[in-house]
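Residues per chain, in single letters:
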Amino acid sequence: MKTAFKVAAIQMVSTTQPQQNLDTAARLVAQAAADGAQLVVLPEYFCLMGREEGDKVRIRETFGDGPIQQQLAAMARDNKVWLVGGTLPLACDADNKVLNSLLLFAPDGSVHSRYDKIHLFGFTGNGERYCESDSIVAGSQPLRAQTPLADIAFGICYDLRFPELFRQMAPFDLLVLPAAFTAQTGEAHWEVLLRARAIENQCYVLASAQGGSHENGRKTHGQSIIIDPWGRIVAQLDKGEGVVIAEIDPEIINSVRTRLPALSHRVFS
């Protein structure tokens, strides 16, 4: 990473209507690009917050083809940005399940990289139950992508709780994490976990979240956020849809790693 650049986290309150969500995403991506962002990140499940687990299966697409992927490619191409397409359901070998996949689109609309979510969320408490493995097949390969902007590591939502995933990819300039944290777990752990990942990897963190009360009754935490390598919050948005923008500055990365060379002090890898 040689020069500073602007990034944007898009926060949404996605609905049960895929095209409505895609239209909202297109509007917010265009807003971010107009404000100077060169890398834009959509949240997990940006295209659908379904009423039932099977809803995502019904709209799943084959990798490389489908209306969701086509519209994401157009957003990247029309706005000339690097676009992280949140997550979308891609086909897998199981008929009743999907892969929860992140696609990184280049400014020409081509797919640069793909990451299938590895850690699948499970939580039961206070009347809530979530079990992503009921409808999602876990991925197995971490993703660290080299781009003209920066060296970027990726995770999705629940991956945030597993620091060993990111540690094995270090060093990198930026950690990108689309998410749909629940209101309950997010209030307790979201910010502290994100700041920890920034501090321990001495990198910027760009986290794009779902943030509000959804049609399907689910409540998500929000707080899309950008954090610098010292663990300082640079920009954030509490609830509701919107755009969070900040600059990724290589001088700050170099300053932190030079003054406190913790990455080079590692004993265990």
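In what follows, the structure referred to is the one given above.
Concerning empty space enclosed by the protein
In total, this model carries 2 cavities of 30 Å³ or more according to the counting rule given. In this structure, the largest cavity occupies an estimated 70 Å³ of space. In terms of lining residues, the largest cavity is bounded by 13 residues, among which Phe121, Cys157, Ala180, Phe181 and Thr182 are the most central. Residue composition of the lining of the largest cavity, by class: 6 nonpolar, 2 polar and 5 charged. Of the pockets and cavities examined, the second largest cavity occupies roughly 50 Å³. Lining the second largest cavity, in full, are Tyr45, Cys47, Leu48, Lys56, Leu88, Pro89, Val98 and Asn100. Residue composition of the lining of the second largest cavity, by class: 6 nonpolar, 1 polar and 1 charged.

Let's talk about the side chain of aspartate 249
Tracing the sequence through the fold places aspartate 249 in the loop between strand S15 (242-248) and helix H6 (250-259). The side chain of aspartate 249 is buried and forms no salt bridge, while arginine 232, the nearest opposite charge, is found at 8.9 Å. Polar side-chain contacts of aspartate 249 include one of 2.9 Å to the backbone nitrogen of glutamate 251. Not counting residues within four places of it along the chain, the set of residues in contact with aspartate 249 comprises Met1, Ala4 and Tyr204.

Focus on the packing of helix H1 (residues 18-34) against helix H3 (residues 67-79)
To describe two helices that pack against each other, one gives the angle between their axes and the distance between the axes. Remark: H1 packs on H3, axes separated minimally by 10 Å, with the N-to-C direction vectors making an angle of 15 degrees. Here H1 lies roughly parallel to H3, going by the angle between them. Handedness of the crossing formed by H1 with H3: right-handed. Within the contact between the two elements, H1 uses Gln19, Leu22, Ala25, Ala26, Val29, Ala30 and Ala33 and H3 uses Ile68, Gln71, Met75 and Asn79. For the contact of H1 with H3, a count of residues per class yields 8 nonpolar, 3 polar and no charged.

Rules of the game
Residues numbered from 1 in each chain as written. Predicted model: local features only at pLDDT ≥ 70, side-chain atom pairs only at ≥ 80, totals over all residues. Heavy atoms only, no water. 1 Å grid on protein atoms, 1.4 Å probe; cavity = no way out; pocket = protein on both sides within 12 Å on 5 of 7 lines; lining within 4 Å. Points joined across faces, edges and corners; volume = space filled by probe spheres on them. Nonpolar A, V, L, I, M, F, W, Y, C, P; charged D, E, K, R; others polar. Helix = DSSP H or I, 4+ residues; strand = E, 2+ residues; numbered from the N terminus. Buried < 20%, exposed > 50% of the residue type's maximum accessible area, 1.4 Å probe, protein only. Lys, Arg positive; Asp, Glu negative; His and termini not counted. Salt bridge = Lys/Arg side-chain N within 4 Å of Asp/Glu carboxyl O. Polar contact = N/O pair within 3.5 Å; in protein donor to acceptor, adjacent residues only side chain to side chain. Contact = heavy atoms within 4.5 Å. Axes fitted to C-alpha atoms, helices over the stretch in contact; angles between N-to-C directions. Parallel < 35°, antiparallel > 145°, perpendicular 65-115°, else oblique. Left-handed = near helix turned anticlockwise from the far one by under 90°.

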